[in-house]
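# Fold and contact review
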Amino acid sequence: MDDLPLADLVAFTAVARQRSFREAARKRGVSASSLSEAVRRLEERLAVRLLNRTTRSVTPTEAGERLMERLTPAMSEIAVALDDINSFRDSVGGTLRLNVPTVAAMVVMPDIIGRFLREYPAISVEIVAEDSFIDVVAAGYDAGIRYDERLEKDMIAVPIGPRQQHYVTAAAPAYLAANGTPKHPRDILEHRCIRHRFLSGSVVPWEFERNGETIFIAPPMVVATNSIDIERSAAAAGLGIIRTFKEFLAPLIARGELVPILEEWDTVFSGPFLYYASRRHMPAPLRAFVDFLNRDQRRGRDR
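Values in this document were obtained by computation on a predicted structure and should not be read as measured data.

Regular strands show a simple pattern: their side chains alternate between the two faces of the sheet. With five of five residues buried, strand β12 (residues 241–245) lies mostly within the body of the structure. In this sheet, β12 lies alongside strand β7 (residues 164–171) in antiparallel orientation, the contact comprising four bridges. Paired with Y167 across the strands is F245, a residue of β12. In terms of strand pairing, strand β8 (residues 193–196) meets β12 through two bridges, oriented parallel. Directly across from I194, in β12, lies its bridge partner I242.

Per the stated rule, a full pass over the model turns up nine aromatic pairs. Pairing F116 with F292 gives two aromatic rings, centres 5.5 Å apart and planes at 65 degrees, and the pair type is edge-to-face. With F116 in helix α5 (residues 102–119) and F292 in helix α9 (residues 284–302), this pair connects stretches of sequence that are 176 residues apart. Residues F116 and F292 agree in their burial class; the two are buried. Here the aromatic residues Y147, Y167, F245, F248 and F269 are joined through ring pairs into a cluster of three or more. The aromatic ring of F273 is capped on one face by R163, whose charged end is 4.8 Å from the ring centroid. The aromatic ring of F208 is capped on one face by R243, whose charged end is 4.0 Å from the ring centroid.

Further remarks concern the pattern of salt bridges. What the rule picks out here adds up to 12 salt bridges. In this structure, R26 engages E23 in a salt bridge whose closest nitrogen and oxygen atoms are separated by 2.4 Å. One end of the pair, R26, and the other, E23, are both in helix α2 (residues 21–28), three residues apart, so they sit about a helical turn from each other. Salt-bridge contacts for E126 lead to R97; the nearest nitrogen and oxygen are separated by 3.5 Å. On the criterion of sequence distance, the pair formed by E126 in strand β4 (residues 123–129) and R97 in strand β3 (residues 94–100) is long-range, its members being 29 residues apart. For E126, a relative accessible area of 35% gives the class partly exposed.

Attention now goes to the packing of helix α7 (residues 228–236) against helix α8 (residues 246–254). With their axes 11 Å apart at the nearest point, α7 and α8 run at an angle of 35 degrees to one another. The way α7 lies across α8 gives a crossing that is right-handed. When α7 is examined against α8, the residues I228, R232 and A236 are found in contact with a partner set consisting of F248, L249 and L252.

For α7, the full list of buried residues reads I228, E231, R232, A234 and A235. All buried residues of α7 fall inside an arc of 165 degrees around its axis, so they share one side. Against α5, β8, β11 (221–225), β12 and α8 lie the buried residues of α7. Note on α7: the residue one or two positions beyond its end, G238, has a positive phi of about 85 degrees.

Among the structural elements, R40 can be located in helix α3 (residues 32–46). Its relative accessible area of 33% is what places R40 among the partly exposed residues. Between the alpha carbons of R40 and E62 there is a distance of 17 Å; along the sequence they are 22 residues apart. Side chain to side chain, R40 and E44 meet in a polar contact 2.5 Å long.

So, about the pairing of strand β5 (residues 143–146). Burial along β5 is two-sided: the face carrying A143 and I145 and the face carrying G144 and R146 are both buried. Note that β3 and β5 share two bridges and pair parallel. Looking across to β5, one finds that N99 is bridged to G144. Across three bridges, the pairing between β5 and strand β15 (residues 273–277) is antiparallel. Counted as the bridge partner of R146 is F273 from β15.

Here is what the cut-offs are and how they apply
- Residues numbered from 1 in each chain as written.
- Predicted model: local features only at pLDDT ≥ 70, side-chain atom pairs only at ≥ 80, totals over all residues.
- Heavy atoms only, no water.
- Buried < 20%, exposed > 50% of the residue type's maximum accessible area, 1.4 Å probe, protein only.
- Helix = DSSP H or I, 4+ residues; strand = E, 2+ residues; numbered from the N terminus.
- Pairing = 2+ DSSP bridges.
- Phe/Tyr/Trp six-rings, centres within 6.5 Å; stacked < 30°, edge-to-face > 60°.
- Lys NZ or Arg CZ within 6 Å of the ring centre and 35° of its normal.
- Salt bridge = Lys/Arg side-chain N within 4 Å of Asp/Glu carboxyl O.
- Axes fitted to C-alpha atoms, helices over the stretch in contact; angles between N-to-C directions.
- Left-handed = near helix turned anticlockwise from the far one by under 90°.
- Contact = heavy atoms within 4.5 Å.
- Arc of directions from axis to C-beta.
- Polar contact = N/O pair within 3.5 Å; in protein donor to acceptor, adjacent residues only side chain to side chain.

Structure follows, in structure tokens:
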């Protein structure tokens, strides 16, 4: 076993963690066939089946589960050992893997990542944008971005991006001319609306707040989608009322394609946070990113 390829062990842990050759391949940036071949070689070398494969699922066998339990801390130690080499480099290197919600990917990340990579040119960044709430550590990410109501209590949170954001309501001038302008959130129940459907399938009620009063509305849907681009296009086309992050609608409002309504009921909430697991050995790219964000926040306070 002295010549057991480390790459095959890494391939096995990636597939076992994701329970999918395709998903593991996507996250690692390799082909699913290469991972399949690596697992096959490992199973032949060990003379033990590690994964049960069907056309619909991939699950570890009992032996595979046992191997995963022993490999996970070992892989973490190897990652730490390799990361320690960063101290001998002129600049920090490696890959930073982040899981972020769509709004953060579109509004927050471009500026921040651009400035971060100019300061740390030896680091590469992998960003997956999705609105489902996953365990970022179990999924193999270094950190994630969430809003405070979604933060796990045992995670460390660092402010990132704007410290205050708004949820606003708007509609196309043609829609309002044909259907009237709501004067109160409950009036929306008489209107067609464009709503966001999360990947989980849920469509959450719209929340309105004014002077300490909070109202939840589940308005009729004419369009429901997980694509903000479709939502904005549908609203601009006059199909119905939209309610979402102000940053998403600002360009359309500036061009007159949408008109803000119920502005006194705009919802104000705290901005997003980068969050990561508390651990003694932080990967160097993550440590560099956290330090960068802390400096960025200090510069913002000083301006």
